[in-house]
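Coordinate inspection notes
Residues per chain, in single letters:
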Amino acid sequence: MVDSAQVYKLAAVLPGAVDDSTPDRLIFSIRERGFAWTFMQRDTPKQKRWPNRDVLAVSCPLDHKELLIEAAPDIFFEDAHYRGYPAVLVRLPAISADELANLLTKAHAMQLSKPPKRKRPRQDT
């Protein structure tokens with residue numbers, strides 16, 4: 001079982017990881033690319049989303065995401081919003097700290113391997 005404090009500790013040791021968390025949400029990135037964040041849940045379509053602190057969205061390749069969900073649906077899942085998006089939803093109470101650390105390390109490396117985001121020039125209107 002992992003809680004928010006453990007997520008902070010696991011993400012903080014990753015080189016260059018930036019913690020943009022708020023009191024309501026965990027948000028971790030590298031070079032302005034998110035690799036883990038609190039799942040914003042929507043209970044019914046078109047209703048407002050709310051931060052579910054028991055679920056963490058973690059970047060991962062789509063093929064790996066499918067394998068994780070198939071192998072351990074009690075830990076990993078997706079919802080309609082994440083279908084086709086390279087991130088898996090993780091139930092924090094169901095995952096071990098070691099397994100989450102491994103997943104976060106891979107998510108961090110995946111985002112770090114991408115080219116830096118280009119700065120867009122400001123357009124004055």
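Source: prediction; values computed, not measured.

**Side note on the packing of helix α1 (residues 4-12) against helix α3 (residues 97-112)**
Remark: α1 packs on α3, axes separated minimally by 10 Å, with the N-to-C direction vectors making an angle of 45 degrees. By the angle between their directions, the pair α1 and α3 is classed as oblique. For the pair α1 and α3, the crossing hand works out as right-handed. Touching Gln6, Val7, Leu10 and Ala11 of α1 are Ala97, Leu100, Ala101 and Leu104, all from α3. Taken together, the residues of the contact of α1 with α3 sort by class into seven nonpolar, one polar and no charged.

**Digging into the environment of Ser29**
Counting through the fold element by element, Ser29 comes out in strand β2 (residues 27-30). Sequence separation between Ser29 and Thr44 is 15 residues, and the spatial gap between their C-alpha atoms is 29 Å.

**So, the side chain of Gln41**
Here Gln41 lies in strand β3 (residues 33-41). In this structure the side chain of Gln41 is engaged in a polar contact, spanning 3.1 Å, whose partner is the side chain of Asp43. Not counting chain neighbours up to four residues away, the residues in contact with Gln41 comprise Lys48, Arg49, Trp50 and Asn52.

**Examining the packing of aromatic side chains**
Counting across every chain of the model gives five aromatic pairs. Ring centres 5.8 Å apart and planes at 80 degrees place the aromatic pair Tyr8 and Phe28 in the edge-to-face group. Linking Tyr8 in helix α1 with Phe28 in strand β2, this pair joins segments that are 20 residues apart in sequence. On the basis of relative accessible area, Tyr8 is assigned to the partly exposed category, the value being 28%. For Phe28, a relative accessible area of 2% puts it in the buried group. Summarising the aromatic geometry, the rings of Tyr82 and Tyr85 are spaced 6.0 Å apart at their centres and angled 75 degrees between planes, so their arrangement reads as edge-to-face. Exposure remark for Tyr82: the relative accessible area of 6% places this residue in the buried category. Site record: aromatic cluster; members linked through ring pairs are Phe39, Phe77, Tyr82 and Tyr85.

**Side note on the pattern of salt bridges**
All chains considered together, the criterion is met by two salt bridges. The shortest N-O distance in the salt bridge between Lys65 and Glu78 comes to 2.8 Å. Separated by 13 residues along the polypeptide, Lys65 in helix α2 (residues 62-71) and Glu78 in the loop between β5 (76-77) and β6 (87-91) bring together distant segments of the chain. For Lys65, a relative accessible area of 2% puts it in the buried group.

**Observations regarding the pairing of β6**
Taken across its five residues, β6 has four buried, putting it largely inside the fold. The pairing of strand β4 (residues 50-59) with β6 spans five bridges and is classified as antiparallel. When the sheet's bridge partners are listed, Leu56 is paired in β6 with Val90. The sheet contact formed by β5 and β6 spans two bridges and is antiparallel. The residue bridging Phe76 from the neighbouring strand is Val90, located in β6.

Calculation criteria
Starting afresh in each chain, residues are numbered from 1 along the sequence in its written order. For this predicted model, a pLDDT threshold of at least 70 governs which residues receive local features, and a threshold of 80 or more governs which side-chain atom pairs are given and counted, while totals over whole chains, interfaces and linings are taken from all residues. Just so you know, side-chain values use all the structure's heavy atoms and leave hydrogens and water out. Think of each axis as a best-fit line through the C-alpha atoms, taken over the contacting stretch in the case of a helix, with angles from 0 to 180 degrees between the N-to-C directions. Runs of H or I in DSSP of at least four residues are treated as helices and runs of E of at least two as strands, each being numbered from the N terminus. For classification purposes, angles smaller than 35 degrees are called roughly parallel, those larger than 145 roughly antiparallel, those between 65 and 115 roughly perpendicular, and all remaining angles oblique. Handedness of a helix crossing follows the sense of rotation of the near helix relative to the far helix, less than a right angle counterclockwise being left-handed and clockwise being right-handed. When checking whether two residues touch, look at their non-hydrogen atoms; a contact exists if any pair is within 4.5 Å. Three classes are used, and their members are as follows: Ala, Val, Leu, Ile, Met, Phe, Trp, Tyr, Cys and Pro are nonpolar, Asp, Glu, Lys and Arg are charged, and the others, Gly among them, are polar. Contacts described as polar in this section are N or O atom pairs within 3.5 Å, which, within protein, must combine one atom able to donate a hydrogen with one able to accept it, while residues neighboring in sequence count only if both atoms come from side chains. Whether two aromatic rings pair depends on their centres lying within 6.5 Å, for rings of Phe, Tyr and Trp, where Trp uses its six-membered ring; planes under 30 degrees apart make the pair stacked, over 60 edge-to-face, and the rest tilted. Buried, partly exposed and exposed residues are distinguished by accessible area as a fraction of the type maximum, computed with a 1.4 Å probe on protein chains only: under 20%, between the cut-offs, and over 50%, respectively. The term salt bridge refers to a side-chain nitrogen of Lys or Arg lying within 4 Å of a carboxyl oxygen of Asp or Glu. In this scheme, strands are said to pair when DSSP sees at least two bridges between them.

Scope: geometric values only; no functional claims are made or implied.
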